[in-house]
There are 4 protein chains.
Amino acid sequence: MAPAKLKIGCAGLGRMGKRHALHFLNRTPRAELVAASTPDDAEIQWARVHLEPYGVRLYKDYDEMLQQEGLQAVVIASVTTVHAEHAIKAIDANKHVLCEKPLSTSVEVSQSVVDAAKRKPHLKVMCGFSRHFDASYRDAWAKMDAGLIGRPAIFRSQTCDMLNPSGFFVAYAQFSGGIFVDCSIPDIDLALWFFGQDSMVKGVVSSGITAVQPGLRKYGDRDNAVGIVEFYGGRIAYLYCSRMMAAGQDDSTEIIGTAGKLTVNAQPMANLVHIYEASGIRREIPPNYYGRFEQAFVTEANEFTHACVEDGPLPMKLSGAVQAVKIGCALQESLRSGDRIWFDETGRRVEREMLSG
Amino acid sequence: MAPAKLKIGCAGLGRMGKRHALHFLNRTPRAELVAASTPDDAEIQWARVHLEPYGVRLYKDYDEMLQQEGLQAVVIASVTTVHAEHAIKAIDANKHVLCEKPLSTSVEVSQSVVDAAKRKPHLKVMCGFSRHFDASYRDAWAKMDAGLIGRPAIFRSQTCDMLNPSGFFVAYAQFSGGIFVDCSIPDIDLALWFFGQDSMVKGVVSSGITAVQPGLRKYGDRDNAVGIVEFYGGRIAYLYCSRMMAAGQDDSTEIIGTAGKLTVNAQPMANLVHIYEASGIRREIPPNYYGRFEQAFVTEANEFTHACVEDGPLPMKLSGAVQAVKIGCALQESLRSGDRIWFDETGRRVEREMLSG
Amino acid sequence: MAPAKLKIGCAGLGRMGKRHALHFLNRTPRAELVAASTPDDAEIQWARVHLEPYGVRLYKDYDEMLQQEGLQAVVIASVTTVHAEHAIKAIDANKHVLCEKPLSTSVEVSQSVVDAAKRKPHLKVMCGFSRHFDASYRDAWAKMDAGLIGRPAIFRSQTCDMLNPSGFFVAYAQFSGGIFVDCSIPDIDLALWFFGQDSMVKGVVSSGITAVQPGLRKYGDRDNAVGIVEFYGGRIAYLYCSRMMAAGQDDSTEIIGTAGKLTVNAQPMANLVHIYEASGIRREIPPNYYGRFEQAFVTEANEFTHACVEDGPLPMKLSGAVQAVKIGCALQESLRSGDRIWFDETGRRVEREMLSG
Amino acid sequence: MAPAKLKIGCAGLGRMGKRHALHFLNRTPRAELVAASTPDDAEIQWARVHLEPYGVRLYKDYDEMLQQEGLQAVVIASVTTVHAEHAIKAIDANKHVLCEKPLSTSVEVSQSVVDAAKRKPHLKVMCGFSRHFDASYRDAWAKMDAGLIGRPAIFRSQTCDMLNPSGFFVAYAQFSGGIFVDCSIPDIDLALWFFGQDSMVKGVVSSGITAVQPGLRKYGDRDNAVGIVEFYGGRIAYLYCSRMMAAGQDDSTEIIGTAGKLTVNAQPMANLVHIYEASGIRREIPPNYYGRFEQAFVTEANEFTHACVEDGPLPMKLSGAVQAVKIGCALQESLRSGDRIWFDETGRRVEREMLSG
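Residues numbered from 1 in each chain as written. Chains lettered and ligands numbered in written order. Predicted model: local features only at pLDDT ≥ 70, side-chain atom pairs only at ≥ 80, totals over all residues. Heavy atoms only, no water.

1. Quick word on the pairing of strand β5 (residues 96–100) of chain C
Residue and element names in this part refer to chain C.
Next, step 1: Counted residue by residue, β5 has 5 buried out of 5 residues, so it is predominantly covered.
Next, step 2: Side chains H96, L98 and E100 of β5 all project onto a buried face; the interleaved residues V97 and C99 project onto the opposite face, where all are buried too.
Next, step 3: Two strands pair when backbone bridges link them, and strand β4 (residues 73–76) and β5 are joined in this way by 4 bridges, in the parallel orientation. When the sheet's bridge partners are listed, V74 is paired in β5 with V97.
Next, step 4: Handedness of the crossover is the feature at issue here: the chain leaves β4, passes through helix α4 (residues 80–92), returns alongside β5, and the resulting connection is right-handed.
Next, step 5: Here β5 runs beside strand β6 (residues 125–128); their pairing, made up of 4 bridges, is parallel. (Buried < 20%, exposed > 50% of the residue type's maximum accessible area, 1.4 Å probe, protein only. Helix = DSSP H or I, 4+ residues; strand = E, 2+ residues; numbered from the N terminus. Pairing = 2+ DSSP bridges. Right-handed = clockwise from strand over helix to strand, strands pointing away.)

Here it is, written out as structure tokens:
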């Protein structure tokens, strides 16, 4: 007899929600997508064509979906502002949860999800940091873990979105949490992964500009920003996030150790084609985040499912998601105030004078 | 109601057979793997663990599998020597067929599969040239088709396997058809795809050496060979095949046109990681063909399935597979004789003097 | 009759001094190396073999060299601590000056060289920022200047020296001015070049660690540091400097504009060779700064010479060298204090509260 | 006293002649350009500006230049058709000779230069295969010589000129010796260098097309051609030459050994700049041969000079130049006849039947 499959529902059918739904429907052999919910009529319409014929029940109301008999898990891809609420409701209803990042743009709200999960230790609750599932990042991590670069000390990472002249990002800035929270959280998560998930932040500072979208300023946001994150133990991460890359999605990472360096995607490419033409040699790069990380999202769906049906360990701690939001928010605050923000070794925010070293 | 799925059986569960079986089981949403056959006990044992629990019936006898009720298609991944026999039997039993390449190492036998398929025009019969399904080759083809490089005129392609010092390739040479048939058929297929599937070969000539496996000579084979294939209409393909690449699978292709050039995998890589260390900057490359083309095989399974259930067109003509074998065999013959082999514009082999131009 | 040649003397024959002397002797057709000075006996010994036979007079005393009849120019490659003194003496003696960078590790002393030069406007006085003469940086600058990337807004640059486990850098830290002054001054100079030499710094902040050389701390120095430099007008440079690169000299730069990005040496390489071996594909990189910039130093010698003999313009303003030192020193100070340092639009250091925006 | 300089004259002041003259004038410290000759008035005019003021005597007649008192050497950069005549005259006049490649487009005439040189063993006579002096080729050769790739067995090389739609190459074909003689001689020379200068050719065969310049056919020439060169001892070189590269000069080489592979310029580039723009990531490549090999030509001038003034060994045997022409002519002949051409182990041309193996 075939092993049981995980019955999962998808909350939200926007851009990422559609993708998650299809991954669980078609590319996650041990999962069975049995439900999907969205308050949006156009999304329901899409689901009638692409999900319903395959046995997926559709809901306009998330709470109702949670009550579907046999439902074991939910993947949450609703708007960021309701991530935490949806996650906590699911946990309370005894469902495993895979929640899109970030849990929330607020540290406190993010922590409330972690607290809820702690009350139900039998549940698998994971924040979907997709880069953890990317083959290249995993290879880099394994090489570092094997000692190839000595002790990792400096970490550089950037998330640079393709220029979108439509004004989308200005409207989006109202609820995105700001460029560091929206773009850099995955980079911060990577820093924590490569430096160790128990790394404690010591100080953050940042600077930003509005090079193409001056309208962002009214929401305290920028379209390009750089930040420095110091960790206790002599480690530094420095980050760049941007909304104006001409060529496409340009996300890359360097991990620099005492005996070597690893780079991931320092030479971005859409595929293995090069074009020789009168203007030189050219390659294309992915237009967006999904173009770069599609396979990672599929692996994420499969590994989350595997952990649920086998009651196995998840590849990362949920608490890391709170730490990432905390650092992202502090960087965003520094962007506005110009101040460097300090934390003591217990994670509490302090004045510089109160630091020992 | 969910659209019907294609009920498919897998013939052969060797290295590639296992992969095909798993692709149809787990990664081809519109197919249902319902059967698998192999005469090999160890392979049956593997299938009891990995296939049977998911509803796949196992057979030691291929003919018996063909009679399973409801079976609509077979993927043939048995040893090359029975590809054609299995394919023809399946066609005669009214099954769609996806046959691993080559159809046969003999032109005549390959043609017999084409002839059988012609008698059953309602069936989908495809030879699995996986590179047709690779995203990079497709992108290159689309760019060429859009006129980006003008008229394609010169084609260079190589298939270079990782060095295997075990002596495997010497034993294998007895039934592989030789290095040009075994390694270069996919390159020849690519040449026909990029130059047009109706391209007619005019002449072939080749040279080879045994640099690491002198034992190959007793089977008329070599471990490194280069060949030139001229086509009518002023086009040339030149090919290199090897069994001694140190770094891994090194397959690359160039399409050179009157206004530009496209390369595919001219800079091989396993992933997006670079390692900076005392000896310089290094990247790894895939160890074998599957490491390079895994995703292409999955796409192949999905597109074949789609063509079957929707009665849609296949992405390539079956007759191309015969033309590829014909050219591969002629290159192999030239390797042994030293002679250049000529063909007239109808495809018949002739002496040079009989050519018009 | 052949055009006159510039009679030049070389001050200092250490590592860079030897190179400068040989460039002017052998690779600068319009210059004639007529003198060289060094207080060091071993260096004099070297010069007896490599310079004296070609008509170069040797001096143990710099002041004496300055009095050599017919001497028109000096290239100053003595230890950094005497750069400024030597430069000012040469200017006072009416010699053209090409001075190795930095003019001084002190802003005030650097300014005194600029002041001296201003009193002798007929002299060519240049600080040797060799990257200005590198073909790749020039090409990038020309492309930016032609509008290829829109308005430059973000600048990233790094100077990473090869790991030297000998303890050299600890001893060197006593008089180097610190890692930002020693390593990053060329990057800061580049930022000023690409953003415009009149760009005014608004704020700087930095962080550093001692990952391999804890002994540096006693001199207030670090072996890895990152810094952010904000400029008035909405531009940001961010910098990384390191003494622990395993693979060799790893200097790279990105100029990110509103419509594109230019990178220089983002994929470092010693030459055009790739090595395919069992561990993958590898290339080497230059072991040191000279390995990367040798040709730029030669071009620098030639263009300086040309400006002198033709009374033509120099490719950059001397005042930029002071601005670069000022920023480098502020970054180094921030490294120690943790504070962000602010400047008003006239360049004066102020408290944050005094800034308008 | 400064060591003596080599007094050299330059024969021919066309495109390459001008470059050679300037290299010896300005970039070869131990040489002194004292003379130059050309029958061409425009070239004389150029020389009045660029050479004469620096003490170079000009001649319209080559023979007259040879008689200039004190002249010790000549660099021959006249049209290919007089290379051999000029070289032999210089040898007879007891001058060292650096002759541009090829010595001649005829094997016999090339051999006559070698014979003349043999009669004057005290003279340095070298054919200017500039790639021998390229840092990347040298590094590759040194790595091969150190055993990094085991025994070299397969050699691939291409010389691809930028598309020149002016019709220049059709006119040029009348005296160029054909595309294999004009373009591939340097590749053949490299094959001999990497396989060993005493390698004996066993067979050659080739194919070509006229993709952009059909007018070439009337001179028996092609604009794209591929060839296979077998050597005794189990080695194969395969070559591609082209006149229609869109992006620029695209010359690359692979040396494939039993334990690894070396590539030279497999990723061509003009410099270290990459451009990120809406169409992707782009780099430029050199427009012509000199753009790729300028520094090699300068090194060639210096090393030739050094061998002359120090009576040291030349880096390669002159006889290799004849072997290269012999192979190039045979490839060109095969292009026309379609036949494979065979040689016995003494280098004599034979019918296939007469070969032992």
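Additional details are given in the paragraphs that follow.
2. Here's the deal with the UniProt feature "domain: Gfo/Idh/MocA-like oxidoreductase N-terminal" (unreviewed entry) in chain A
Next, step 1: Sites flagged by UniProt as "domain: Gfo/Idh/MocA-like oxidoreductase N-terminal" (unreviewed entry) map to residues 7–126 of chain A.
Next, step 2: Secondary structure within residues 7–126 of chain A divides into 43% helix and 22% strand; the distance between the first and last C-alpha atoms comes to 17 Å. (UniProt positions renumbered as here; feature names shortened; annotations may be inferred.)

3. Considering the domain arrangement of chain A
Residue and element names in this part refer to chain A.
Next, step 1: With domains assigned, chain A is organised as domain 1 (6–127) and domain 2 (135–294 + 322–352).
Next, step 2: Of the residues lining the interface, 13 residues belong to domain 1; the matching set on domain 2 comes to 12 residues.
Next, step 3: Buried surface at the junction of domain 1 and domain 2, summed over both partners, amounts to about 1,100 Å²; 71% is from carbon and sulfur atoms.
Next, step 4: Together, K101, T105 and V107 form the three largest contributors to the area buried by domain 1 at its contact with domain 2, with a combined 40%.
Next, step 5: Counting the contacts that link domain 1 with domain 2 gives 1 salt bridge.
Next, step 6: Our enumeration of links across domain 1 and domain 2 arrives at 2 residue pairs in polar contact (both at pLDDT 80 or more).
Next, step 7: If you list the elements that add at least two residues to the side of domain 1 that touches domain 2, you get α1 (15–26) and α5 (107–118).
Next, step 8: Looking at the side of domain 1 that touches domain 2, the element that brings in the most residues is α5, giving 4 residues.
Next, step 9: Here the side of domain 1 that touches domain 2 is composed, by residue class, of 3 nonpolar, 7 polar and 3 charged. (Domains from an automatic or database assignment. Contact = heavy atoms within 4.5 Å. Buried area = accessible area lost by both parts, 1.4 Å probe. Salt bridge = Lys/Arg side-chain N within 4 Å of Asp/Glu carboxyl O. Polar contact = N/O pair within 3.5 Å; in protein donor to acceptor, adjacent residues only side chain to side chain. Nonpolar A, V, L, I, M, F, W, Y, C, P; charged D, E, K, R; others polar.)

4. Some thoughts on the side chain of K120(C)
All names here are of chain C.
Next, step 1: Inspection of the secondary structure assignment puts K120 in the loop between α5 (107–118) and β6.
Next, step 2: Among buried Asp, Glu, Lys and Arg side chains, K120 stands out as unpaired, with D92 the closest opposite charge at 4.8 Å.
Next, step 3: Reaching out from K120, the side chain makes a polar contact with the side chain of N94 at a distance of 3.2 Å.
Next, step 4: Setting aside chain neighbours within four positions, we find K120 in contact with I91, D92 and N94. (Lys, Arg positive; Asp, Glu negative; His and termini not counted.)

5. Focus on the environment of L22(A)
Residues and elements named next belong to chain A.
Next, step 1: Locating L22 in the fold gives a position in helix α1.
Next, step 2: Spatially, the C-alpha atom of L22 lies 25 Å from that of T159, the residues being 137 residues apart in sequence.
Next, step 3: Setting aside anything within four residues of it in sequence, one finds L22 in contact with R27, W46, H50 and L51.

6. Focus: the UniProt feature "domain: GFO/IDH/MocA-like oxidoreductase" (unreviewed entry) in chain A
Next, step 1: This chain's UniProt record puts "domain: GFO/IDH/MocA-like oxidoreductase" (unreviewed entry) on residues 138–262 of chain A.
Next, step 2: Regarding residues 138–262 of chain A, the helix share stands at 26% and the strand share at 38%, and the terminal C-alpha atoms are separated by 12 Å.

7. Observations regarding the sheet that holds β6(C)
Residues and elements named next belong to chain C.
Next, step 1: Taken in spatial order, the 6 strands of this open sheet run β3-β2-β1-β4-β5-β6, and their pairing is parallel. What marks the edges here is a single partner per strand, and that holds for β3 (57–59) and β6. Pairwise comparison of adjacent strand axes, ignoring direction, gives a mean angle of 20 degrees for this sheet.
Next, step 2: The strands that α4 touches are β1 (6–11), β4, β5 and β6; relative to β5, the one it contacts most, it runs at about 175 degrees. (Axes fitted to C-alpha atoms, helices over the stretch in contact; angles between N-to-C directions.)

8. Some words on the pattern of salt bridges
Next, step 1: Scanning the entire structure with this criterion turns up 104 salt bridges over all chains.
Next, step 2: The shortest N-O distance in the salt bridge between K60(C) and D41(C) comes to 2.3 Å. Pair noted here: K60(C) is in the loop between β3 and α3 (62–66) and D41(C) is in helix α2 (residues 41–50), with a separation of 19 residues, a long-range link.
Next, step 3: By relative accessible area, K60(C) is classed as partly exposed at 46%.
Next, step 4: We note a salt bridge from R243(D) to D182(D), for which the minimum N-O separation is 2.9 Å. Placement of R243(D) in strand β10 (residues 235–245) and of D182(D) in helix α8 (residues 179–182) is noted, with a sequence separation of 61 residues between them.
Next, step 5: What you see here is one network of salt bridges that share partners, running through D139(A), K143(A), E277(B), R282(B) and E284(B).

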